[in-house]
Structures are given as C-alpha cells and as structure tokens.
Amino acid sequence: MAYDVNGVRKQFPALDEGAAHFDGPGGSQVPTVVGEAVAAALTAAIANRGSVTAAERRADGIVAAARAAAADLLGAEPGGVVFGRSMTQLTYDFSRALAKQWAPGDEIVVTRLDHDANIRPWVQAARAREVTVRWADFDPVSGELPVEAVTGLLSERTRLVAVTAASNLLGTRPAIPAITARARAAGALSYVDGVHLAAHGPVDMVALGADFFACSPYKFLGPHLGLVAAPPAVLETLRPDKLLPSTDAVPERFELGTLPYELLAGTTAAIDFLANLVPGDGPRRDRLLTSMRALEAHEDALLKQLDAGLAEIPAVTRYGSPTRHRTPTVLFSINGMPSAAVYEQLGQRGVNAPAGSFYAIECSRHLGLGDTGAVRAGIAPYTNAADVDRLVTAVRELAAGR
Ligand SMILES: Cc1ncc(COP(=O)(O)O)c(C=O)c1O
C-alpha cells in the first residue's frame, strides 16, 4: 500500500494552524494519539513501578511497553534500552561511565560532521582522563564523511568512536557499518548518534554494528525524551554513578530517578503510529520496516522536488551534495541576505524553516558558515508537495527581493 500523506496529515492537529513545517529536524509535530497516550498515562491511577497494586503494575507495564517499542524501532533488545531526559543528557551520562575505563594516553575519535551532543561530552570526558581526541573531518564541498577519514585515525589505543548516522545539518549519511566494523576490529566501541536518522528511515542496530545507538522520540513524532540502545552485555560492563538504594539491574542502572511514565507511554504511541504509516498485519518490527521504507520513499520524492526547485533559483547556495543518499534535509542560504532574515521572512509567509548551526557547530564552522549557520529545511512524515511548493515559491520571491 502506498504512503497516504493526506491521511497522515489529518492526524496532526498542529497542521490546522496553517504553517508549512520544515522545522522537523529540530522537533517534529505530534499526532493526536501521542497526546492522548501521554494524557491517559498522566491521569490514570499510577504509582512507582512495582507488582503489588494495579497502579504499580501500570507504571511497570508502561516502561516495559516503551522498551519493547523502542527495541522494535531500532532492531535492538528491550533489555538494552535506556531512557533519559534527552540524547544530550544520556550522552553525557554515558561519556562519564565509559571514561571510567579509559587511561591516560588512550584515544577517542569524534567527527566534525556531528551535532555537538556527540562531540563535547566525549571531548570533556577525554580531557578529564588525559585521553587524546582525534578529529575526523568531512569534505566541506560534498558534505561527505569518507570511511577512511574516521578509520584512518584508529590505533590500538582507540577506546571509542563517536559518529553520526546522519548529519542534522546536511543530511549526510556516513557508511556506519564500515566504520563500526573497523572500530570493533581495533578494539574500540562505537557510539552512533541516530537522532536525525531514526526519524527518516528503517534502523537496524545490528546491521549498523553500533555498540550504542542514541535517538530522541521528539524527533520522530513522540514526546520530549531521549533513549540509548545497546546490547545488555555491553551495558553490564559499565558502572555509572548511581544512588545506593536504586537497582543495579541493566538497563535501570543508567536511569537516574523516576522515569517519566507519561512520556514513555507517548513514545510507545509514536512508534505504533510509525508502524501504522502503512497499515498492515504482522509483528510490529516488520510493520515498522515496511512503513519506514514507504516513508523514506515519500520523503525522497519531496526532497527531489525541493532540490529541483532550489536549483532553479540562481541566488540560492546550498551546502553538501544533493546527489548523494541522505536524509531529506537541506541547508541553504540566499546570496546577499542574512539567513536570520530569510528565516524571519519565510516565517511571515507561514513557512517554518529556521536558520542556525543547530548545535552542529563544528560542522557549521567547517562549512565556512561560522556559528551563524544557514537556513535548514527538513521534510517530515506530514510534509506534502504543496508545502514544498510554498517553500520554493517563498524562497524565489525573497531571492528576487519581493
Ligand atoms: C543529530 C542530533 N543529535 C543530537 C541531538 C540532541 O538531541 P536532544 O535534544 O535529545 O539532546 C540533536 C537535536 O537537535 C540532533 O539533531
């Protein structure tokens, strides 16, 4: 069955306000079922997790359901899914836990393609342990991060490779399986930032070869939350700081304090929604793969439309190669016009496409865009051809000084 974007759009009350949303890479809009699931969990009888009262069992069930849903989304094990406030917070937590195993003179690899959330926690943890940081550079013209740019930095002292599965600025998708395989062969763990990828296509952690895969439900139609998936056996090797009475079991060992049950319920609802983008039968993992492939095809078609439209406007400069396989995310500027002004004037026309570095600050600087960045347009599950037309028309008018 084909992807029914009109049917999908009807389920997003936010779209009734009329804006064309290209701000999805910063956080997507949310379907009604997700809001309902959050409200239902908040207003039902609920207690701390346990097995004695119905209220305790409800909390326990919500957590178990969210771990199972996230595992289905990523091809991970439910027992290896760790929830936290955001990907940034979780990555800081994991950086400290992993750094306990590092010794002075060890090395880690980070990339300039990454969002700062997959750079700075590692750089700061490395500094605290006298560990050397090796920086992998992408090609600022094509926006590509060649495998060798990362693997050429590996040595027998490398403990960790932190790399993005998709750039939130350029949409570049590095060849993660090749990078993680070489990292593993060198004895290093890999921490893959999947925040931008998970919203746009099927994910298979095992095929990616990621020891850790981080993402954030609020980027894929869910509530504001982060999660990290890892094989439980890998989590067992880590000893994060934790309270004395809190459980030492995996994955709870990494989840500090009480989990936000209502947001976990919303996460499960978002993943179920994704699984139903193309209605079907069978296990949720299979439905997710089918739906996410259909979503990818839908978004790729809109990306082609957007690329073609922007290419016809001579005053538009776009960053990264439009021909490579990437997520449907376009970074551009209009010659002679500050990107902040483009952002503002697009907003006045009901087209939401913000400007900035979007915290991919190393990436923005390496592109020559400094800390200011450029305008980013991201396609989301609810984007349609009319939205893309609105964006291209508005950019054409601004470029013509209208
Ligand atoms: C690629 C990427 N990584 C990490 C993050 C940080 O995610 P969070 O807001 O959950 O900390 C973002 C958020 O924009 C992102 O786009």
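Residues numbered from 1 in each chain as written. Predicted model: local features only at pLDDT ≥ 70, side-chain atom pairs only at ≥ 80, totals over all residues. Heavy atoms only, no water.

Peer 1: Explain the sheet that holds strand β10 (residues 329-334) to me, using residue names and the numbers behind them.
Peer 2: With respect to topology, 4 strands assemble into an open sheet ordered β9-β10-β13-β12, the strand pairing being antiparallel. Each edge of the open sheet carries a strand with a single partner, namely β9 (316-319) and β12 (355-356). As paired elements, β10 and strand β13 (residues 374-378) share 4 bridges and run antiparallel to each other. Bridging from a neighbouring strand, phenylalanine 332 pairs with valine 375 of β13. Running at roughly 15 degrees to β10, helix α11 (residues 284-311) makes contact with β9, β10 and β13 of the sheet. Where helix α12 (residues 339-348) meets the sheet, its contacts fall on β10, β12 and β13, and the angle it forms with β13 comes to roughly 40 degrees. (Pairing = 2+ DSSP bridges. Helix = DSSP H or I, 4+ residues; strand = E, 2+ residues; numbered from the N terminus. Contact = heavy atoms within 4.5 Å. Axes fitted to C-alpha atoms, helices over the stretch in contact; angles between N-to-C directions.)

Peer 1: Describe the packing of aromatic side chains, naming the residues involved and giving the relevant values.
Peer 2: The full count for this structure, using the stated rule, is 8 aromatic pairs. Centre to centre, the rings of phenylalanine 94 and tyrosine 191 are 6.4 Å apart; their planes meet at 50 degrees, and the pair counts as tilted. Taken as a pair, phenylalanine 94 in helix α4 (residues 87-99) and tyrosine 191 in strand β6 (residues 189-193) lie far apart in primary sequence, 97 residues in all. The burial state of phenylalanine 94 is the same as that of tyrosine 191; both residues are buried. Through successive ring pairs, a cluster of aromatic residues spans Phe94, Trp102, Trp122, Tyr191, Phe212 and Phe254. Between arginine 376 and the ring centre of phenylalanine 358, over which it is positioned, the NZ or CZ distance is 3.7 Å. (Phe/Tyr/Trp six-rings, centres within 6.5 Å; stacked < 30°, edge-to-face > 60°. Buried < 20%, exposed > 50% of the residue type's maximum accessible area, 1.4 Å probe, protein only. Lys NZ or Arg CZ within 6 Å of the ring centre and 35° of its normal.)

Peer 1: I'd like a description of the pairing of strand β8 (residues 226-229), backed by residues and values.
Peer 2: Side chains Gly226 and Val228 project from β8 onto one buried face, and the interleaved Leu227 and Ala229 project onto a second face that is buried too. The sheet contact formed by strand β7 (residues 212-215) and β8 spans 3 bridges and is antiparallel. Each residue of the ladder has a partner; that of phenylalanine 213, found in β8, is alanine 229.

Peer 1: I'd love a proper account of the side chain of threonine 268, names of residues and values included.
Peer 2: When you line up the elements, threonine 268 lands in helix α10 (residues 261-275). For threonine 268, a relative accessible area of 12% puts it in the buried group. Excluding residues within four positions of it along the chain, threonine 268 makes contact with Ala65, Ala66, Ala69 and Arg284.

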